[in-house]
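# Structure assessment
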Amino acid sequence: MERYDLLYRLYGNFDADAVRDAQDFVDLLPPLDSSVALSHWQEVDDELTDRKDRIRRGIPDGDRYAELAARATRDQAFTALDLYTKYGKAVNALVLDVDETLRSAGRTDNEIPREVLHLLTEFHEMDVPIVICTGQTLENVKGFAIQGLGNELVHSGDVSIVYEAGTGVFTPGHGPNTKCLLYETLDDAVQSVFESVRGRVIRDLPDGLRGRVHLQGNEFNVTLKPNFETGSEDAEGVIDDSLVYMLDLLGEAVTDDPDGPTWTRAYYAERDPEIEGVLADRDERPDPETTVPDDVAETLDRVTVAYYHADAAELSAVDLNKAAGVEAALEVLGVDDPFVLVMGDSKSDLDVMRWAADGNRGLAAAPDHSSPGVLEHVEETDGLVFDRGDAASMLRTAFALNVLVE
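Residues numbered from 1 in each chain as written. Predicted model: local features only at pLDDT ≥ 70, side-chain atom pairs only at ≥ 80, totals over all residues. Heavy atoms only, no water.

## Let's talk about the overall build of the protein chain
Secondary structure assignment for the protein chain yields 17 helices and twelve strands. Here the protein chain has a C-alpha radius of gyration of 24 Å; the compact-globule value for 406 residues is 22 Å, and the two agree. Summarising its shape, the C-alpha atoms of the protein chain cover approximately 80 × 50 × 45 Å along the three principal directions. Taking all 406 residues of the protein chain together, the buried fraction comes to 52%. Long-range contacts, defined here as pairs at least 24 residues apart, represent 66% of the contacts in the protein chain between residues at least 6 apart. A total of about 18100 Å² of accessible surface is found on the protein chain, and carbon and sulfur atoms cover 44% of it. (Helix = DSSP H or I, 4+ residues; strand = E, 2+ residues; numbered from the N terminus. Rg over C-alpha atoms; globule rule 2.2 N^0.38 Å. Buried < 20%, exposed > 50% of the residue type's maximum accessible area, 1.4 Å probe, protein only. Contact = heavy atoms within 4.5 Å. Areas by Shrake-Rupley, 256 points an atom, 1.4 Å probe, with all protein chains shown as cover.)

## A look at the pairing of strand β11 (residues 362-367)
β11 sits mainly inside the fold: six of its six residues count as buried. For strand β10 (residues 340-343) and β11, the ladder comprises four bridges, and the chain directions are parallel. If you follow V340 over to β11, its bridge partner there is G362. Handedness of the β10-helix α15 (residues 347-358)-β11 crossover: right-handed. One ladder, built from three bridges, connects β11 with strand β12 (residues 384-386); its direction is parallel. Looking at the pairing, P367 lines up with F386 of β12. Once the chain exits β11 it traverses helix α16 (residues 372-381) before rejoining the sheet at β12, and the crossover so formed is right-handed. (Pairing = 2+ DSSP bridges. Right-handed = clockwise from strand over helix to strand, strands pointing away.)

## Regarding helix α5 (residues 74-87)
Taking 1.5 Å of rise per residue, the 14 residues of α5 would be expected to cover 20 Å, and the 20 Å separating its terminal C-alpha atoms lies within 8% of that figure. Within α5, burial applies to Q76, A77, F78, A80, L81 and L83. Where α5 is buried, its residues meet α1 (2-13), α4 (62-71), β11, β12 and α17 (391-405). One or two steps after α5, the chain reaches G88, where phi turns positive at roughly 65°. (Expected span 1.5 Å × (residues − 1).)

## Brief notes about helix α3 (residues 35-58)
For α3, which comprises 24 residues, the first-to-last C-alpha distance of 35 Å matches the rise-based estimate of 34 Å (1.5 Å per residue) to within 8%. Burial in α3 covers these residues: A37, V44, L48, K52 and I55. Residues of α3 that are buried make contact with α1, α2 (16-28) and α4. Of the residues that open α3, the one with a side-chain oxygen 3.3 Å from the backbone nitrogen of V36 is S34. (Polar contact = N/O pair within 3.5 Å; in protein donor to acceptor, adjacent residues only side chain to side chain.)

## A word on the sheet that holds β12
With mixed pairing, eight strands are arranged side by side in an open sheet as β5-β4-β3-β2-β1-β10-β11-β12. Among the strands making up the open sheet, the edge pair consists of β5 (179-181) and β12. When strand polarity is set aside, the average angle formed by the axes of neighbouring strands in this sheet is 15°. Sitting on the sheet, α16 is in contact with β11 and β12, with an inclination near 130° to β11. Set on the sheet, α17 makes contact with β1 (93-96), β10, β11 and β12; between it and β10 the angle comes to about 170°. (Axes fitted to C-alpha atoms, helices over the stretch in contact; angles between N-to-C directions.)

## A few points about the state of the cysteines
Here the structure, examined in full by the defined rule, presents zero disulfides. Not part of a disulfide, C133 finds its nearest cysteine sulfur in C180, a span of 14 Å. (Disulfide = S-S within 2.5 Å.)

## Some points on the sheet that holds strand β6 (residues 213-215)
On the basis of which strands lie adjacent, the open sheet formed by four strands has the order β6-β7-β9-β8 and antiparallel pairing. Sheet topology places β6 and β8 (303-308) at the edges, where each strand pairs with a single neighbour. Averaged over all pairs of adjacent strands, the angle between their axes in this sheet comes to 20°, without regard to strand direction. The pairing of strand β7 (residues 222-226) with strand β9 (residues 312-317) spans three bridges and is antiparallel. Bridge pairing in β9 links V222 to L315.

## Topic: the packing of α4 against α17
Relative to each other, α4 and α17 sit at 180°, their axes nearing to 10 Å. Considered as vectors, α4 and α17 are oriented roughly antiparallel to each other. In this structure, α4 uses R64, Y65, E67, L68, A70 and R71 to contact α17, whose residues at the interface are R396, F399, A400, V403, L404 and V405. Classifying every residue of the contact of α4 with α17 gives eight nonpolar, no polar and four charged. (Parallel < 35°, antiparallel > 145°, perpendicular 65-115°, else oblique. Nonpolar A, V, L, I, M, F, W, Y, C, P; charged D, E, K, R; others polar.)

## Looking at the environment of D295
Following the sequence through the fold, D295 ends up in helix α13 (residues 294-300). Residues D295 and V254, spaced 41 residues apart in sequence, show a C-alpha to C-alpha distance of 9.2 Å.

## Thoughts on the side chain of K322
Looking at the secondary structure, you find K322 in helix α14 (residues 322-333). A relative accessible area of 2% places K322 in the buried class. Here D97 takes part through its side chain, which lies 3.4 Å from a polar atom of the side chain of K322. A distance of 2.6 Å separates the side chain of K322 from the side chain of D349, its partner in a polar contact. Discounting chain neighbours no more than four positions away, the residues touching K322 are D97, C133, T134, G135, V162, A165, G166, S348, D349 and V352.

## Quick notes on the packing of α2 against α3
The contact between α2 and α3 brings their axes to 9 Å, and the two run at 140°. On the basis of their axis angle, the class for α2 and α3 is oblique. Viewed along their axes, α2 and α3 form a crossing whose handedness is left-handed. On α3, the residues touching A18, V19, A22, Q23, F25 and V26 of α2 are H40, W41, V44, D45, L48, R51, K52 and I55. By residue class, the composition of the contact of α2 with α3 is nine nonpolar, two polar and three charged. (Left-handed = near helix turned anticlockwise from the far one by under 90°.)

Everything listed here is a matter of geometry and, on its own, says nothing about what the molecule does.
Have a look at this one:
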């Protein structure tokens, strides 16, 4: 109970909010040429040093608790201490989804907030590797990672990018292991299905989709995205149509039988309530009693059709997912006994969260607008749900955990 008592003393006897506000000002004030602004910055920095010194003198192990006050709110610190009591481990890698997790179209203007970027650099300075785990293409992720975190950090050898939801892993600074193309491990039968769909998906677009959807520039996955704002009514309609179109293309790729599209619709409708709902809304749901031939089902067992409401319709391989990509990334990074913080919002992130939970490999956290399955998992584990656009609060909690464990 000693650590709990010290936290009560810290947040009860000292103005920890003022310490944290001063630390944020010192860390996040953008570079300015104004002498007045620089003078004010120095005044705040001096005040911060003074307030931290009071904590150092007033509490045993004061350096640790001064750092806690500077980085975490009272609630974040106590949550971190609860996690320390439960697991007794520090987070030794961050596994982070980007869209609607680190950044949010609804709250952060689709930019990663400066506060989040700064906290990531703080973890880097604590020698905690960062794994960016996303469905986006490698070039897109590299661009904003370098812009936000800086070229030096991204190429430090401690940052890895799992892209296209696990089809590849890019870890700069690791020689022959810098780029791992996981899709090359798939057998020829599965690869031929993807080649067929990719070759036709734009060429054979129906008139109702032309000019309304585009093919994301993936290395392997086949992803149709709307030519409208994600989440809008127009995007919803075009992605629902794209899903049906993708199912039918897949059916024609796995078999020459004219019933192929019917079989793929039936197969995925049975397994995914969201896909079933889209087909039912269009009155295109096959008879639930439809029997899918064993040879067709065997191939479809290797292929994932993912539906992201008003965002994307995607074809990917079952054997390639974010969890497989994270394992490969951590191996390259040399994280032999992972205890990671997984932050994400979608079904693809849930694979990583379950991987972490099943092997006692870490924690799962999610924004409050995440998909139902993600929220259910997070609530059932450690309840680490944060407000939309506020990834910084969860990073502060993890930072506090690491300060307590050190």
